[in-house]
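Structural overview for review
Here are the chains, one letter per residue:
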Amino acid sequence: MRKNLIKISASTFLLYGGLAVLVYFSLFLKNLGLNNAQIGLIVSLFSWTALFARPVGGRIADSLSVRTLLILGAMIFAISFFGLAIVGKNVPFIVGLRIAAGLGFAWYALGSLLQSVEGEELGKFTSNVSTLSVFYLLPYFIYPYIAIRIARGMGFSAMFLFGGISVILSIPIILSIKSLRRQKKIKEREPRRKFGSGIFLLGIMNFFMGWSVNIAFPFFPLLEKIRPSIDTGLFFTVVSFMAVIIRAYIGRKLPFWGQPDVLFPGFLAYSLGFVVAYFAKTTLVFLIAGVFTGIGVGTVYPNITAMTLRLAEEDYRGVTMGFVSSLGDFGFCTGPIIFGYLSYKIGLLPSFLLWAVVIGIVPFMFILQLRKRVK
């Protein structure tokens, strides 16, 4: 089992390297002449696609194999990058490739989580998910920094080609993963159990997580257009560093790691990240926003995932994780649209401050309910 965890972690690093390149997708669209509202809409297509793709991916994993889901996802994701490298300024084609990217990534991301716990005991779920989630973030140490310099020196086509090569390199590793043989169980015909209230609340938490991340990541780089003195390339390195430290070491030392209580400081950190971004006029201050954002990224997602997998029925783990992930995707979908329109109307910086208030207050009432249902 440990070999498979190492392999899925390695392939995840390469594939998420491609995802890290996409943090500059909004800047690519801005250079095409699109406004913030249009950018928010196109950026959100990635998550709208994932919203509907993940439940389908869960069924593929449960009925066929997790490995099949991983291969399909990685191949489609890679194709989307090579398409962006050659499509030029054709916006309709860019929209189509954004949708393809959402489908491929959604299937791979779901498959990687399921693969990390397949065949393991429940007690190892939190540890395995936390380990895997470190490799979600490690690419952000260097990929965005390299990507923006490739874009500035050779253009965005070269940047997308760089991302595509990284993704395609993950496929041989996936092919080497051995699928477990699943014993067919004879099930009695009985009404299918519905998701419990704890699963629904975890889905809502994932929704707010999607809001937080998919506004910070696409829109924070746009500060370069307002305040040229800020270099956003190191922002993602700082976010990744903080999140990795928390997931790999600090989080495991906390007595409430893997429990609802960890979500309180996580969402508060997201809120503070938006506040600091509002005031940032230099790269140094902007990197402090990255510290807070990294704390949020490092705590919220792995804990939601681990709690979900522990509560899910074994035979419906893919479907359950697909449901919770799709609500996170719904947050990813709606966040950029709302924020893009808002920043178009009132400006980017005031929108940061308003969103800090929303993220700092609204999730807390749901976390209090979650504490009563998830232990």
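Quick summary incoming for the structure in this document. All of these numbers come straight from a predicted model, not from anything done at the bench.

Let us look at the overall build of the chain. Tallying secondary structure elements over the chain gives 16 helices and zero strands in all. Relative to its length of 375 residues, the chain is compact, with a C-alpha radius of gyration of 20 Å against a globular reference of 21 Å. Scored against the burial criterion, the 375 residues of the chain give a buried share of 58%. Contacts in the chain between residues at least 24 apart in sequence constitute 86% of all its contacts with a sequence separation of at least 6. About 15,600 Å² of surface is accessible on the chain, with carbon and sulfur atoms providing 67% of the total. Each charge sign in the chain was given a centre, from 35 positive and 13 negative side chains, and these centres are 7 Å apart.

The end-to-end C-alpha distance of helix α1 (residues 2-21), which contains 20 residues, comes to 29 Å, matching closely the 28 Å that a straight helix rising 1.5 Å per residue would cover. Across the 20 residues of α1, 14 count as buried, placing the element largely inside the fold.

Let us look at the side chain of Gln115. Position of Gln115 relative to the elements: it lies in helix α5 (residues 91-117). Judged by relative accessible area, Gln115 falls into the buried class, the value being 6%. If near-sequence neighbours (up to four positions away) are discounted, Gln115 is found in contact with Asn4, Ile8, Val66, Leu70 and Ile177.

A contiguous nonpolar surface patch, about 440 Å² in accessible area, is contributed by Phe241, Ile245, Tyr249, Ile250 and Leu254. Within the fold, Ile250 resides in helix α12 (residues 235-253). Judged by relative accessible area, which is 38%, Ile250 ranks as partly exposed.

This part takes up the environment of Leu41. Structurally, Leu41 is set in helix α3 (residues 36-63). C-alpha of Leu41 to C-alpha of Ile337: the two residues are 296 residues apart in sequence and 5.1 Å apart in space.

Here the focus is the packing of helix α4 (residues 66-87) against α5. Contact pair α4 / α5: the axes reach a minimum separation of 7 Å and the direction vectors enclose 150°. One finds that α4 runs roughly antiparallel with respect to α5. Crossing angle aside, the handedness with which α4 passes α5 is left-handed. For the contact of α4 with α5, the residue count by class is 21 nonpolar, seven polar and no charged.

The biggest cluster of nonpolar side chains holds 123 residues, and the ones touching the most others in it are Phe25, Phe77, Phe160, Leu263 and Phe352. Top element by residues in this core is helix α10 (residues 197-219). It accounts for 13 residues. Sequence-distant contacts of Phe352, that is, excluding residues within four places in its chain, are made with Phe219, Phe220, Leu223, Phe274, Ala277, Tyr278 and Phe339.

The next thing to look at is the packing of helix α7 (residues 143-154) against helix α8 (residues 156-168). At a closest axis distance of 6 Å, the pairing of α7 and α8 adopts a crossing angle of 145°. Only Phe156, Ala158, Met159, Phe162 and Ser166 of α8 make contact with α7, whose side of the interface consists of Tyr143, Ile146, Ala147, Ile150, Ala151 and Met154.

Within the structure shown, the criterion is met by 32 aromatic pairs. Consider the rings of Phe13 and Tyr143, whose centres lie 6.0 Å apart with planes at 75°: the pair is edge-to-face. Residue Phe13 is found in helix α1, and its partner Tyr143 is found in helix α7; the two are separated by 130 residues along the sequence. Its relative accessible area of 27% is what places Phe13 among the partly exposed residues. Between Phe207 and Trp211 the ring centres are 5.1 Å apart and the planes differ by 45°, which places this aromatic pair in the tilted class. A residue pair is termed a helical-turn pair when its members lie 3 or 4 positions apart in one helix, as Phe207 and Trp211 do in helix α10 at four residues. Owing to a relative accessible area of 17%, Phe207 belongs among the buried residues under this scheme. You can call Trp211 buried: its relative accessible area is 14%.

The rules behind each value
Residues numbered from 1 in each chain as written. Predicted model: local features only at pLDDT ≥ 70, side-chain atom pairs only at ≥ 80, totals over all residues. Heavy atoms only, no water. Helix = DSSP H or I, 4+ residues; strand = E, 2+ residues; numbered from the N terminus. Rg over C-alpha atoms; globule rule 2.2 N^0.38 Å. Buried < 20%, exposed > 50% of the residue type's maximum accessible area, 1.4 Å probe, protein only. Contact = heavy atoms within 4.5 Å. Areas by Shrake-Rupley, 256 points an atom, 1.4 Å probe, with all protein chains shown as cover. Lys, Arg positive; Asp, Glu negative; His and termini not counted. Charge placed at Lys NZ, Arg CZ, Asp CG, Glu CD. Expected span 1.5 Å × (residues − 1). Patch = residues over 30% accessible without salt bridge, like charges linked within 9 Å, V, L, I, M, F, W, Y side chains within 5 Å. Salt bridge = Lys/Arg side-chain N within 4 Å of Asp/Glu carboxyl O. Axes fitted to C-alpha atoms, helices over the stretch in contact; angles between N-to-C directions. Parallel < 35°, antiparallel > 145°, perpendicular 65-115°, else oblique. Left-handed = near helix turned anticlockwise from the far one by under 90°. Nonpolar A, V, L, I, M, F, W, Y, C, P; charged D, E, K, R; others polar. Core = buried A, V, L, I, M, F, W, Y, C linked by side-chain atoms within 4.5 Å. Phe/Tyr/Trp six-rings, centres within 6.5 Å; stacked < 30°, edge-to-face > 60°.

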